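# Structural overview
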Amino acid sequence: MRRRDYIAGLGSLGVLATGGVVATQGAGPVQDRLQRWFGPDVEPLEVETADVRGSEPGTMQIPTLEGPMFLDFFGTWCPPCIEQMPALAAVHEQLGDEVTFVSITNEAVGASITEEELADWWVEHDGNWTVALDRNVELAERYGLSGYPLAVAIDEYGVVQWSETGVKTEAELIDGIEQAL
Amino acid sequence: MNRRAYLGGLAGTGIAGLAGCLGTIESQLSGEQPGSGDWGDGETVLDTPTEDRGSPSHPIYGHEMPSFSFPDPLTGETVSSSDLEGRTYLMTFFFTHCPDGACPALLLRLRRAQADAIEKGYDDDLALLAMTFDPERDTPEVLETYAGQQGVDLEAGNWHFLRPESYESGAQVLREDFGMILDRVEDEEDLAELEEEHANDDHDEDDGDDHDDGDGGGHHDHGEYTFVHYNLIFLVNEHGIVERSYPNALRTDTETIVEDVRAVTGG
């Protein structure tokens, strides 16, 4: 099916659906579905990675397009993000071989928080995987960050299969990530 | 206006917003139908918005931005609307005591526009204004720390926090001149009561992209008092005319806002 037809079909679906869901979501789900089906602009973005435990300093591409990924948008200043760290660590323990884990912060690392402070925070909260620095907020823009923490599961084609804001349990994280496997 | 009266008013716009919501979906997918609204006739760059807006109390597309003047506690300057003539600006309203809530996401949209402007070299043509409701707790030091947490580039010289002398003086300007809905809630009981009234008045608790004013805001429950407010962002052109007001800004993609900013600045 051509993309245009697809969108036209979605249009009527969206309008029908709004009869029922307009009260809760409005146009949001239509856009979400479009984005999930066609993916965001899947051209990878190059981002800086931090020198913290489990994270190789340098750069990486997100999405990698080599396998599924899990993105955790967090801030060291964000209490719910801290609350979620044990669950993330547990899930990383289980799925870290299958899924590329990346925690992403927009903080001014090197200014408001030093790299050493970030590294200490990371160890203190049991982080042991890649941390990316989204200095220009491009990843946050692409993945629609509207609250912390944000969990995003991306499949090997770079398509977002699951995305949710808020503190998640270990089971919720696994359910979400499995949608991208 | 007492609280009940303004919630009553809110419910009305919420219902009007429903029709707008359907219109929004159709127009987004079919293209170009301008939405209806009490648009102003100021000189604008962007086309008439495609969403229906009605006549909200705050300025919308084509209207002149109200004049204002507030101190920037980090630069020591006073930032006024007249100083901003000749520059495009984004303006939002927040307080730092909602770290896990909507406010970081609002600032993130401004921060992304700032980064895009720096990357593409139009940063001299763009100002970013983030006004706190809460000067009592949002001291200069707190704002500076918050800027770092949100990745704001204070060195770029185009970011201004605005901090009124007191909550009351800021709120008065916002209510009277900007037509913003803003309420300081002293304790959790008040907040619960407010939510209950709101729920009774308007079952459309979370009415998506209605782009009206039903419940574009959010509340935050941290510490001994909190605020009920809109998640509003204004995009204002070099002539002081509103190009866009994003009333439910967290449902507006950052990308859309950045594209609009580029179009207005010519960046």
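Since this is a predicted model, take the numbers as computed values, not measurements.

Residue and element names in this part refer to chain B. F68 and M91 are the most contacted members of the largest nonpolar core, which totals 58 residues. Top element by residues in this core is helix α2 (residues 102-120). It accounts for 8 residues. Contact partners of F68, with chain neighbours within four places excluded, come to V79, S80, S81, L84, Y89, M91, L129, L162 and F178.

Residues and elements named next belong to chain A. Enumeration over the complete set of coordinates arrives at 1 disulfide over all chains. Through a disulfide, C78 is tied to C81; the S-S separation comes to 2.2 Å. The disulfide joining C78 to C81 has a torsion of about 80° about its S-S bond and is therefore right-handed.

This part covers the sheet that holds strand β4 (residues 126-132) of chain B. Residues and elements named next belong to chain B. Strand order across the open sheet formed by 5 strands is β5-β4-β3-β9-β10, with mixed pairing between neighbours. In this open sheet, the two strands that pair with only one neighbour each are β5 (159-162) and β10 (242-246). The sheet shows a mean angle of 15° between the axes of neighbouring strands, taken without regard to direction. Direction of pairing for strand β3 (residues 88-94) relative to β4: parallel, over a ladder of 7 bridges.

Note on helix geometry: an α-helix contains 3.6 residues per turn, so any two residues three or four positions apart are oriented the same way. Its 19 residues place the ends of α2(B) 27 Å apart at the C-alpha level, agreeing with the 27 Å of an ideal helix rising 1.5 Å per residue. With 16 of its 19 residues buried, α2(B) lies for the most part within the structure.

The strands making up a sheet associate through backbone hydrogen bonding, with each pair oriented either parallel or antiparallel. Residue and element names in this part refer to chain A. One open sheet accounts for 7 strands, arranged β2-β1-β5-β4-β3-β6-β7; its pairing is mixed. In this open sheet, the two strands that pair with only one neighbour each are β2 (58-62) and β7 (160-165). Across the sheet, the axes of successive neighbouring strands diverge by a mean angle of 30°, strand direction being ignored. Summarising the sheet, strand β1 (residues 45-49) and β2 pair through 5 bridges and their orientation is antiparallel. Directly across from T49, in β2, lies its bridge partner G58. Sitting on the sheet, helix α6 (residues 170-178) is in contact with β3 (69-73), β4 (100-105), β6 (150-154) and β7, with an inclination near 155° to β7.

Here we take up the packing of aromatic side chains. Applying the stated criterion across every chain, the model contains 23 aromatic pairs over all chains. Between the aromatic rings of W122(A) and W129(A), the centroid separation amounts to 4.9 Å while the plane-to-plane angle is 75°, which identifies the pairing as edge-to-face. The same class applies to W122(A) as to W129(A), namely buried. For the pair F95(B) and F133(B), a centre-to-centre distance of 6.4 Å together with 50° between the ring planes defines the contact as tilted. Here F133(B) lies in the loop between β4 and α3 (140-149) and F95(B) lies in the loop between β3 and α2, a separation of 38 residues in the sequence. The same class applies to F95(B) and to F133(B), which are both buried. Of the aromatic side chains, those joined through ring pairs into one cluster are F70(A), F74(A), F101(A), W121(A), W122(A) and W129(A). Note that R137(B) overlies the ring of Y225(B), its terminal NZ or CZ placed 3.8 Å from the centroid. In this structure, R184(B) packs its charged tip against the face of Y225(B), placed 3.7 Å from the ring centre.

Next up on the list: the pairing of β6(A). All names here are of chain A. In terms of residue burial, β6 counts as a mostly covered element, since 5 of its 5 residues are buried. Neither face of β6 is exposed, since L150, V152 and I154 on one face and A151 and A153 on the opposite face are all buried. Judged from the 5 bridges that link them, β3 and β6 form a sheet pairing that is antiparallel. In the sheet register, M69 faces β6, and the bridge partner there is I154. Across 5 bridges, the pairing between β6 and β7 is antiparallel. The residue bridging L150 from the neighbouring strand is T165, located in β7.

Counted by the stated rule, this structure contains 10 salt bridges over all chains. Its salt-bridge partner being E141(A), residue R112(B) comes within 2.5 Å of it at the nearest N-O pair. Residue R112(B) is located in helix α2, and its partner E141(A) is located in helix α5 (residues 138-142); the two belong to separate chains. Linking R112(B) and D116(B) is a salt bridge whose minimum nitrogen-to-oxygen distance equals 3.7 Å. Taken together, the positions of R112(B) and D116(B), both in helix α2 and 4 residues apart, correspond to about one turn of that helix. Like D116(B), R112(B) is buried. A cluster of three or more residues bridged by salt bridges with shared partners is formed by E141(A), R112(B), D116(B), E119(B), K120(B) and R262(B).

As a further point, take the confidence of the model for chain B. Do not read the fine detail of predicted coordinates wherever pLDDT is low. Residues and elements named next belong to chain B. This prediction gives chain B a mean pLDDT of 78; 73% of its residues lie at or above 70. Across chain B, the element-wise mean pLDDT spans from 34 in helix α1 (residues 3-30) up to 98 in β5. Note that pLDDT drops below 50 for residues 1-31; the model gives that stretch 56 contacts with residues more than four away or on any other chain. Low pLDDT, under 50, characterises residues 201-218; the stretch is placed with 74 contacts to residues that sit more than four places away or in other chains. If you check the scores for this complex, the pTM reads 0.75 and the ipTM reads 0.72.

Definitions and limits used
Residues numbered from 1 in each chain as written. Chains lettered and ligands numbered in written order. Predicted model: local features only at pLDDT ≥ 70, side-chain atom pairs only at ≥ 80, totals over all residues. Heavy atoms only, no water. Core = buried A, V, L, I, M, F, W, Y, C linked by side-chain atoms within 4.5 Å. Buried < 20%, exposed > 50% of the residue type's maximum accessible area, 1.4 Å probe, protein only. Helix = DSSP H or I, 4+ residues; strand = E, 2+ residues; numbered from the N terminus. Contact = heavy atoms within 4.5 Å. Disulfide = S-S within 2.5 Å. Pairing = 2+ DSSP bridges. Axes fitted to C-alpha atoms, helices over the stretch in contact; angles between N-to-C directions. Expected span 1.5 Å × (residues − 1). Phe/Tyr/Trp six-rings, centres within 6.5 Å; stacked < 30°, edge-to-face > 60°. Lys NZ or Arg CZ within 6 Å of the ring centre and 35° of its normal. Salt bridge = Lys/Arg side-chain N within 4 Å of Asp/Glu carboxyl O. pLDDT = per-residue confidence, 0-100.

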